Amino acid sequence: MHKFFVYAFLAVFLTGAFFVASEQASRAQDLAAISPGDATTKINTKNMPLYLDEGLVSKNADFSKFARVRAQSLDRNHRMTRTRMQITKQADGSYLARYHAIDMDSIVTKVSRSSSKSVPFVGVMRFCELVMEATAESPAACKKAEFKPVTVIPNRQIFSFRKGSWQ
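About the thresholds
- Residues numbered from 1 in each chain as written.
- Predicted model: local features only at pLDDT ≥ 70, side-chain atom pairs only at ≥ 80, totals over all residues.
- Heavy atoms only, no water.
- Helix = DSSP H or I, 4+ residues; strand = E, 2+ residues; numbered from the N terminus.
- Buried < 20%, exposed > 50% of the residue type's maximum accessible area, 1.4 Å probe, protein only.
- Contact = heavy atoms within 4.5 Å.
- Areas by Shrake-Rupley, 256 points an atom, 1.4 Å probe, with all protein chains shown as cover.
- Expected span 1.5 Å × (residues − 1).
- Salt bridge = Lys/Arg side-chain N within 4 Å of Asp/Glu carboxyl O.
- pLDDT = per-residue confidence, 0-100.
- Core = buried A, V, L, I, M, F, W, Y, C linked by side-chain atoms within 4.5 Å.
- Polar contact = N/O pair within 3.5 Å; in protein donor to acceptor, adjacent residues only side chain to side chain.

Some remarks on the overall build of the protein chain
Secondary structure summary: the protein chain contains 3 helices and 5 strands in total. Going residue by residue from the N terminus, the α and β elements of the protein chain occur as α-α-β-β-β-α-β-β. Taken across its 167 residues, the protein chain has 24% of its residues classed as buried. A separation of at least 24 residues holds for 62% of the contacts in the protein chain among residues at least 6 apart in sequence. Accessible surface for the protein chain amounts to roughly 12500 Å². Of this, 58% is attributable to carbon and sulfur atoms.

Written out as structure tokens, the structure reads:
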């Protein structure tokens, strides 16, 4: 009886291994049947895969750095930064403080080639601007209060690469 279970287990195990081996052989035959592409087609910037376009990859990295610096500048120069926050007295006697901040983690960039000869690349920067609010008993306490985001404003800016720089 014991030998029967051993033989039955081996039969099931070997049958399963056979199906797996035949499946792998079938996949290998399918891969061998794939023929190479048309070698007469010349590769240019229009039909080249994005990861092979070194110029585009280079400009994408350059634009990512530019976008981060640009967002920091926008955040620093906004008319309602944390240093220039708006503090208003509420009806109940408390104070509401509000300022805007750019979420640096939300920056997403994309660069693509342009059909123009004077502007070879176009970059799109997307980011979120957060409206932060806090309430406190006095204007001085507002500046030290814990701010929470109450509104998210999506932004998109388009730049062109012209004369060796992003504009």
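Next comes the rest of the write-up.
A look at helix 2 (residues 54-77)
Between its first and last C-alpha atoms helix 2 spans 34 Å; for 24 residues at 1.5 Å apiece the expected length is 34 Å, and the two agree. Those residues of helix 2 hidden inside the fold are in contact with strand 2 (95-113), strand 3 (121-136), strand 4 (148-162) and strand 5 (165-166).

Digging into the pattern of salt bridges
Evaluation of the coordinates by the stated rule reveals 1 salt bridge. Ionic pairing is found between Glu133 and Arg98, a salt bridge with its closest N-O pair at 2.3 Å. Separated by 35 residues along the polypeptide, Glu133 in strand 3 and Arg98 in strand 2 bring together distant segments of the chain.

Overview of the confidence of the model for the protein chain
When the pLDDT values of the protein chain are averaged, the result is 81; 68% of them are 70 or greater. Contacts for the low-pLDDT stretch residues 17-21, under 50 throughout, to residues beyond four places or in other chains number 0 contacts. The low-confidence segment residues 29-34, where pLDDT is below 50, has 0 contacts with residues more than four positions distant or belonging to other chains.

Brief notes about the nonpolar core
If you look at the biggest cluster of nonpolar residues, it comprises 14 residues, and the most contacted ones within it are Phe63, Ile107, Val111, Phe121, Met125 and Trp166. Contributions of two or more residues to this core are made by helix 2, strand 2, strand 3 and strand 4. Setting aside chain neighbours within four positions, we find Phe121 in contact with Gly55, Leu56, Lys59, Val111, Ser112, Arg113, Ser114, Phe159, Ser160, Phe161 and Trp166.

Remarks on the side chain of Glu133
Since its relative accessible area comes to 19%, Glu133 is described here as buried. Within the local environment of Glu133, its side chain forms a polar contact with the side chain of Arg98, the two groups lying 2.3 Å apart. Setting aside its immediate chain neighbours within four residues, Glu133 contacts Leu96, Ala97, Arg98, Glu146, Phe147, Lys148 and Val150.

Looking at the side chain of Ser94
Structurally, the position occupied by Ser94 is in the loop between strand 1 (86-89) and strand 2. Here Ser94 falls in the buried class, since its relative accessible area comes to 12%. Side-chain polar atoms of Ser94 contact the side chain of Asp92, separated by 2.7 Å. Among residues more than four places away in sequence, those in contact with Ser94 are Thr88, Lys89 and Ala136.

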